Amino acid sequence: MRKYVIIGAVGSGKSTHSELLARDLDIVHISVGDIFRWHVKNHTKLGAQVRRTMAAGELVGDDLAESVVRDRLAQHDWNYGFVVDGFPRSRRQTEFFLESYDIDGVIHLDLPDEEVRRRVLARRLCNGCGMDYNLIADRPTQEGRCDVCGGELVSREDDTEQALAERLREYHERTDPILELFGRKEYVVTIDARPGIEEVQRTLRGRLGLPMP
């Protein structure tokens, strides 16, 4: 069983690299951000709270984040392990995670702020089927329209200059203490997230002693 946490600023590729690890290692990818977005899309009570928080560029509170992670991991569908992205994001959340779960490694995807801005402000989301696009590396065939369903491509509600600046500020304030806490008990590997996906995967797996597919 392999259990990992992946940490990085918005746009660093957490979901992409988590999905690749999950697919090749037959483990479960748990994206806390995707769980929150599902609640927002389906207009749940939790979703309304998350939407207000994200629109303001703030991070979801500890109680709510811990509850979502606890409920998800309680499903026990991760017989061969898991990789969690989007959690923890505070010292308290890190302490909760360390007390509750044994993990094999923490992957830190390091990306400079200027590259974060370039990537994030190029993201688009289909308002029909929810397909993700990035105008830098994954442009649609028809500008502004989804290749899958033809829906309109829009910016995420929290992908604005103001919200991004606030998220980066909070990210830096919180990440160093988180990595310090994990570093006391867990194996933390810091990976340069600027190269292409394949190169980052090769470096990541080499550092963790995992085979390439």
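Here's what I pulled together on the structure shown here.

Thresholds applied
Residues numbered from 1 in each chain as written. Predicted model: local features only at pLDDT ≥ 70, side-chain atom pairs only at ≥ 80, totals over all residues. Heavy atoms only, no water. Salt bridge = Lys/Arg side-chain N within 4 Å of Asp/Glu carboxyl O. Helix = DSSP H or I, 4+ residues; strand = E, 2+ residues; numbered from the N terminus. Buried < 20%, exposed > 50% of the residue type's maximum accessible area, 1.4 Å probe, protein only. Core = buried A, V, L, I, M, F, W, Y, C linked by side-chain atoms within 4.5 Å. Contact = heavy atoms within 4.5 Å. Axes fitted to C-alpha atoms, helices over the stretch in contact; angles between N-to-C directions. Parallel < 35°, antiparallel > 145°, perpendicular 65-115°, else oblique. Left-handed = near helix turned anticlockwise from the far one by under 90°. Nonpolar A, V, L, I, M, F, W, Y, C, P; charged D, E, K, R; others polar.

1. Quick notes on the pattern of salt bridges
Right, so step 1: Throughout the structure, instances matching the rule amount to 18 salt bridges.
Right, so step 2: We note a salt bridge from arginine 123 to aspartate 159, for which the minimum N-O separation is 2.9 Å. Pair noted here: arginine 123 is in strand E5 (residues 123–126) and aspartate 159 is in the loop between strand E7 (153–154) and helix H7 (161–185), with a separation of 36 residues, a long-range link.
Right, so step 3: We classify arginine 123 as buried; its relative accessible area is 14%.
Right, so step 4: In this structure, a network of salt bridges that share partners links the residues Glu166, Arg169, Glu170, Glu173 and Arg174.

2. Considerations on the nonpolar core
Right, so step 1: Phe82, Phe97 and Ile107 are the most contacted members of the largest nonpolar core, which totals 52 residues.
Right, so step 2: No other element matches H7, which puts six residues into this core.
Right, so step 3: Residues within four places of phenylalanine 97 in sequence aside, it is in contact with Val5, Val69, Leu73, Phe82, Val84, Phe87 and Ile103.

3. Let's talk about helix H5 (residues 91–100)
Residues spaced three or four apart along an α-helix point in a common direction, a consequence of the helix completing one turn every 3.6 residues.
Right, so step 1: Along H5, the residues that are buried comprise Gln93, Thr94, Phe96, Phe97 and Leu98.
Right, so step 2: Close packing links the buried residues of H5 with strand E1 (2–8), helix H4 (62–73), strand E3 (81–85) and H7.

4. A word on the packing of H4 against H5
Right, so step 1: Interhelical geometry of H4 versus H5 gives an angle of 25° and a closest axis separation of 10 Å. In terms of orientation, H4 and H5 fall into the roughly parallel class. Note on packing geometry: the crossing formed by H4 with H5 is right-handed. Only Arg92, Gln93, Phe96 and Phe97 of H5 make contact with H4, whose side of the interface consists of Asp62, Asp63, Ala65, Glu66, Val69, Arg70 and Leu73.
Right, so step 2: When its residues are assigned to classes, the contact of H4 with H5 shows five nonpolar, one polar and five charged.

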